[in-house]
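Summary of the model geometry
Given next are the chains, with one letter for each unit.
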Amino acid sequence: MTISVFELFSVGIGPSSSHTVGPMRAGADFADELRELPSTVRAVTVDLYGSLAATGRGHGTFAAVLLGLEGNRPETVDPDDVEKRGAEIEVTRTVYVGGRDEVPLCAEQIVLHPLTVLPRHTNGIRFRAELADGTTHEAVYYSVGGGFVERESGADTVDPLAGSPGVPHDFDTAAGLLETCERTGRTVPQLMLANEIALHGGPSEVAEREVRAGLLHIWEVMEACIERGFRAEGMLPGGLGVKRRAPGLYRRLVDSDGADAMDWLNVAAMAVNEENACGGRIVTAPTNGAAGIVPAVLYYALKFRSSLAARREQVVCDYLLTAAAIAVLYKRRASISGAEVGCQGEVGSACSMAAGALAQVMGATAAQVENAAEIGIEHNLGLTCDPIGGLVQIPCIERNAIASVKAVNAARIALHGDGTHRVSLDQAIETMRQTGADMLSKYKETSLGGLAVNVPEC
């Protein structure tokens, strides 16, 4: 399996990559299948299983699925249209499948099965279409975290990345990545760049320009999200009564000519996750729930490190490529899904990614990058995912700010060393996987345990 940096950092909408972005993609994929059938569609039923059913409404899953069936995709849909169109569908009880055929929904718009977990993953979606010729067409999809979607076909699950082209520097362990760096004399971002160029049809100057332009675009979207979050006042949706705090902190920093780096780091992370909570345009990094950490740390680096700001474009590319290399390890060896391993798989992996990436652009060796990434995850092991009310607000927003500070500190500690350390990144990732397997399901994005049951929603 080859994973592209643009699959790990994908432009989408809030509030959840696994509960909003993934289900919308699944709905759009199913609509594409229906358009290929010889018979027209008469009605559609949607079943949500496990975590998707338990927290689906708070995570925007209902509207996401329905807009996906109408052919919308998270990277292009207008965030302002999602809630409005979702409400319209609930009233009219019809969807325009693929944006073309007006189709009534079956008796129950979306059927919830919170206590039923399908074999492959806790985030399961079953679509069933009744066709005009009397037959049915059915498909099961799994939203496996970070916006990634896999389709079940018979007894097998189809991995959408399985047929992707090979890359010159494939790796699935941190040890393998370090060995490749040593053998080739290349840095982590140089290896990732070569792989990404290959995925874009390279090697060629055109492919390299496309990759670099794509990375800069990802940062533009991240930075724009931060800037919107700095200025968007008001309350977050969902009924918890949570006020946006980033705008107030931003104003105080500007008015006082504040130069406190940690305050800027906090406000950048909170700005992103408040935008995410409102269903705004964000970038999975590697998920929506942890989307504030990677951009906040890069924002901090460019703002407070003049040597990095002076070579902004190269720093952005190296930072994102390094973060993506670390994300590949979590995706391959464990999970980035809160519904599968708890928040250690989301905020923990994002903290690790940002720590290693910051170390890289600050001049770290490959061994120091690996050390920083290990520190970043080691101190997030066991982190549960227990959002109050099923909303990506408490504790998610503050958790991104705290993890951003951890990431900076992890990079600093690693840079003070020579890269040698007792616990390897591979060992820490395996520990995360085992911890996630042992974790009770109520602590894995169900809102059935932890803060979600000990703090009243109102």
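Residues numbered from 1 in each chain as written. Predicted model: local features only at pLDDT ≥ 70, side-chain atom pairs only at ≥ 80, totals over all residues. Heavy atoms only, no water.

A few words on helix α7 (residues 188-199). For α7, built from 12 residues, the straight-helix expectation of 16 Å at 1.5 Å per residue is met to within 8% by its first-to-last C-alpha distance of 17 Å. The buried count for α7 comes to 10 of 12 residues, which makes it a mostly enclosed element. Of the positions making up α7, those classed as buried are V188, P189, L191, M192, L193, A194, N195, E196, I197 and A198. Elements in contact with the buried residues of α7: α1 (5-8), α6 (174-184), α8 (205-231), α13 (312-333), α15 (347-361) and α16 (366-378). (Helix = DSSP H or I, 4+ residues; strand = E, 2+ residues; numbered from the N terminus. Expected span 1.5 Å × (residues − 1). Buried < 20%, exposed > 50% of the residue type's maximum accessible area, 1.4 Å probe, protein only. Contact = heavy atoms within 4.5 Å.)

Attention shifts here to the domain arrangement of the chain. Note on interface size: it is often stated as the accessible area lost on association of the parts. On domain assignment, one finds that the chain holds domain 1 (19-143) and domain 2 (174-443). For domain 1 and domain 2, the distance between their C-alpha centroids amounts to 30 Å. Listed as interface residues are 15 residues of domain 1 and, on the opposing side, 12 residues of domain 2. At the boundary of domain 1 with domain 2, the tally comes to four residue pairs in polar contact (both at pLDDT 80 or more). A class-by-class count of the residues in the side of domain 1 that touches domain 2 yields four nonpolar, eight polar and three charged. (Domains from an automatic or database assignment. Polar contact = N/O pair within 3.5 Å; in protein donor to acceptor, adjacent residues only side chain to side chain. Nonpolar A, V, L, I, M, F, W, Y, C, P; charged D, E, K, R; others polar.)

A separate point is the pairing of strand β7 (residues 148-153). Across five bridges, the pairing between strand β6 (residues 136-145) and β7 is antiparallel. Looking at the pairing, Y141 lines up with R151 of β7. Hairpin connection from β6 to β7: two residues lie between these consecutive antiparallel strands, with G146 at a positive phi of about 70°. (Pairing = 2+ DSSP bridges.)

This model, assessed by the stated rule, comprises eight aromatic pairs. Taking 5.9 Å as the distance between ring centres and 75° as the angle between the ring planes, the aromatic pair formed by F230 and Y299 counts as edge-to-face. On the criterion of sequence distance, the pair formed by F230 in helix α8 and Y299 in helix α11 (residues 293-304) is long-range, its members being 69 residues apart. Per residue, the accessibility class of F230 equals that of Y299, and both read buried. Taking 5.9 Å as the distance between ring centres and 80° as the angle between the ring planes, the aromatic pair formed by Y250 and W264 counts as edge-to-face. Of this pair, Y250 sits in helix α9 (residues 246-255) while W264 sits in helix α10 (residues 261-277), placing them 14 residues apart in sequence. A relative accessible area of 16% means that Y250 is categorised as buried. Each member of the aromatic cluster is reached from another via a ring pair, and the members are F230, Y250, W264 and Y299. Positioned above the aromatic ring of Y141 is the side chain of R151, whose terminal nitrogen or guanidinium carbon lies 5.8 Å from the ring centre. Over the face of the ring belonging to W264 we find K303, whose NZ or CZ atom lies 4.2 Å from the ring centre. (Phe/Tyr/Trp six-rings, centres within 6.5 Å; stacked < 30°, edge-to-face > 60°. Lys NZ or Arg CZ within 6 Å of the ring centre and 35° of its normal.)

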